[in-house]
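Results of the structural survey
Single-letter residue listing:
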Amino acid sequence: MAEKKKTFEENLADLEEIVTNLESGNVPLEEAMEKFKKGVTLSKDLEKTLSDAEATVTKIMTKDGQEINVKNDQDEGKD
């Protein structure tokens, strides 16, 4: 059976647990290196999820289905 994909919040909690474990200093070097690698991977995945979410939020659909980048529209009005 395939493993269920974790949610953003679950991955964030895993990353926080890794950071807490590493900060404690009570982790053998080999285990610390594995946790660090996993933490870096989780961090990159979380950053990508946030970036994708930001891109989605900054777009809206017009009546004819074309996407408009709201962020650029707001920036144009600033002078």
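Throughout what follows, the structure given in this document is the object of discussion.

Rules of the game
- Residues numbered from 1 in each chain as written.
- Predicted model: local features only at pLDDT ≥ 70, side-chain atom pairs only at ≥ 80, totals over all residues.
- Heavy atoms only, no water.
- Helix = DSSP H or I, 4+ residues; strand = E, 2+ residues; numbered from the N terminus.
- Buried < 20%, exposed > 50% of the residue type's maximum accessible area, 1.4 Å probe, protein only.
- Contact = heavy atoms within 4.5 Å.
- Areas by Shrake-Rupley, 256 points an atom, 1.4 Å probe, with all protein chains shown as cover.
- Expected span 1.5 Å × (residues − 1).
- Arc of directions from axis to C-beta.
- Salt bridge = Lys/Arg side-chain N within 4 Å of Asp/Glu carboxyl O.
- Axes fitted to C-alpha atoms, helices over the stretch in contact; angles between N-to-C directions.
- Left-handed = near helix turned anticlockwise from the far one by under 90°.

**A look at the overall build of the protein**
In terms of regular secondary structure, the protein is built from three helices and two strands. Across the protein, helices and strands are ordered from the amino to the carboxyl terminus as α-α-β-β-α. When burial is assessed residue by residue, the protein has 13% of its 79 residues classed as buried. Sequence separation of 24 or more characterises 32% of the internal contacts of the protein that already satisfy a separation of 6 or more. When the accessible surface of the protein is split by element, carbon and sulfur atoms take 54% of a total near 6,900 Å².

**Structural notes on helix H1 (residues 8-24)**
Compared with an ideal rise of 1.5 Å per residue, which puts 17 residues at 24 Å, H1 spans 24 Å between its outermost C-alpha atoms and is within 8% of the ideal. Listed in full, the buried residues belonging to H1 are Asn11, Asp14, Leu15 and Ile18. Down the axis of H1, the buried set is contained in an arc of 100 degrees. They therefore lie on one face. In this structure, H1 carries Glu9, Glu17, Thr20 and Glu23 as exposed residues pointing more than 90 degrees from its buried face. Its buried side turned inward, H1 meets helix H2 (29-57). Gly25 occupies a position one or two residues after H1 and carries a positive phi of about 75 degrees.

**Notes on the pattern of salt bridges**
All told, the structure shown has four salt bridges when counted by the stated rule. We note a salt bridge from Asp14 to Lys6, for which the minimum N-O separation is 2.6 Å. The exposure class assigned to Lys6 is partly exposed, which follows from its relative accessible area of 37%. One salt bridge in this structure joins Glu31 and Lys35, with 3.8 Å as the shortest N-O distance. Of the two residues, Glu31 and Lys35 both sit in helix H2, four residues apart, roughly one turn of that helix.

**Description of the packing of H1 against H2**
How two helices pack is summed up by the angle between their axes together with the distance between the axes. One way to put it is that H1 packs onto H2 with a least axis distance of 9 Å and a crossing angle of 145 degrees. Crossing angle aside, the handedness with which H1 passes H2 is left-handed. Contact residues: H1 offers Phe8, Asn11, Leu12, Asp14, Leu15, Ile18, Asn21 and Leu22, while H2 offers Ala32, Lys35, Phe36, Lys38, Gly39, Leu42, Ser43, Leu46, Thr49 and Leu50.

**Side note on H2**
Across its 29 residues, H2 extends 41 Å between first and last C-alpha, which sits within 8% of the 42 Å expected from 1.5 Å per residue. Within H2, burial applies to Ala32, Gly39, Leu42 and Leu46. Structurally, H2 contributes buried residues whose contacts are with H1.

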